[in-house]
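Here are the chains, one letter per residue:
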Amino acid sequence: MSDPNPYADDSYKWGPPQQPGTPPPADGQGPGPGAPAYGYPQPTPGSAAQPGPGYPPGFAAQPAMPGQGFPPPGAQPGPGMPVLAFGDIAVMQDQIMTPAGPMPLKGAVWTATDLSRTEEKIPTVGIVLAIVFALFCLVGLLFLLMKEKQTTGFVQVSVTSGGRHHSTMIPAVGPDTFPLVMAQLNTARAMSL
């Protein structure tokens, strides 16, 4: 029982492709000479630096926070410039751009689901101050009235058009995230008519 797997031969079978004649490293601490490995930075191919299919040149598919639609207030969108953005979904004048490609804007069905929650709790500082000042007088119990609100979760925005479907998740940064996303979504629904 000295061999951990008596049925395995010594040929390399798993992981990224190896250069012919290049054995895997003996110490197991990194890729062999000239061989890429998982988890190590890989050179970026020229096509990866370009935006995905259907995106206009210069458009960075960054997640958009609610309330940060395109264009800036007072500016008119030009041709090929997004009017609204929901995460990686960009709404143009006549079409919807997604990482999977363009969809027609007319007749699009938009949905939003609030997957966020807001919790209210007493912060640790309030509990500590209540204990410290409770020893001096009962006024310290007023520190237990301190409340802290914390919002976690996402707002899911989905669009269906032209027989295709795409959805994205927008992080909820506060209790007003869902109403802001719904305001932008109603604008996109009006454009889809």
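What comes next concerns the included structure. (Residues numbered from 1 in each chain as written. Predicted model: local features only at pLDDT ≥ 70, side-chain atom pairs only at ≥ 80, totals over all residues. Heavy atoms only, no water.)

A few points about the nonpolar core
Core analysis: the largest hydrophobic core is formed by 18 residues, its most contacted members being F86, V91, I96, W110, V157 and V159. Apart from the residues lying within four places of it in its own chain, the contact partners of F86 are V91, W110, V157, T168, I170, V181, Q184, L185 and A188. (Core = buried A, V, L, I, M, F, W, Y, C linked by side-chain atoms within 4.5 Å. Buried < 20%, exposed > 50% of the residue type's maximum accessible area, 1.4 Å probe, protein only. Contact = heavy atoms within 4.5 Å.)

Here we look at the environment of N186
As for its position among the elements, N186 is in helix α2 (residues 177-192). Note on N186: relative accessible area 41%, which makes it partly exposed. Taking C-alpha positions, N186 is 9.8 Å from T111, a pair spaced 75 residues apart along the chain. (Helix = DSSP H or I, 4+ residues; strand = E, 2+ residues; numbered from the N terminus.)

So, the sheet that holds strand β7 (residues 164-171)
The strand order across the open sheet built from 3 strands is β5-β6-β7, with neighbouring strands paired in antiparallel fashion. Edge positions in the sheet fall to β5 (109-121) and β7, since each has one partner strand and no second. Averaged over all adjacent pairs, the angle separating strand axes in this sheet is 10 degrees, with direction ignored. (Pairing = 2+ DSSP bridges. Axes fitted to C-alpha atoms, helices over the stretch in contact; angles between N-to-C directions.)

Re the sheet that holds strand β4 (residues 101-104)
Within the open sheet, the 4 strands sit side by side as β1-β2-β3-β4. Their pairing is antiparallel. Two strands bound the open sheet, and with one partner strand each, they are β1 (84-86) and β4. Averaged over all neighbouring strand pairs, the angle between strand axes comes to 20 degrees, with direction disregarded. Pairing of strand β2 (residues 89-91) with strand β3 (residues 95-98), which is carried by 2 bridges, proceeds in the antiparallel orientation. Residue pairing across strands places V91 opposite I96, the latter belonging to β3. Across the face of the sheet, α2 comes into contact with β1 and β2 while running at roughly 125 degrees to β1.

Topic: α2
With 16 residues, α2 should reach 22 Å at 1.5 Å per residue; the first-to-last C-alpha distance of 23 Å fits that figure. Along α2, the residues that are buried comprise T177, V181, Q184, L185, A188, M191 and S192. Across the axial projection of α2, the buried residues extend over an arc of 105 degrees, all falling on one side. In this structure, the buried side of α2 is in contact with β1, β2, β5, β6 (148-161) and β7. (Expected span 1.5 Å × (residues − 1). Arc of directions from axis to C-beta.)

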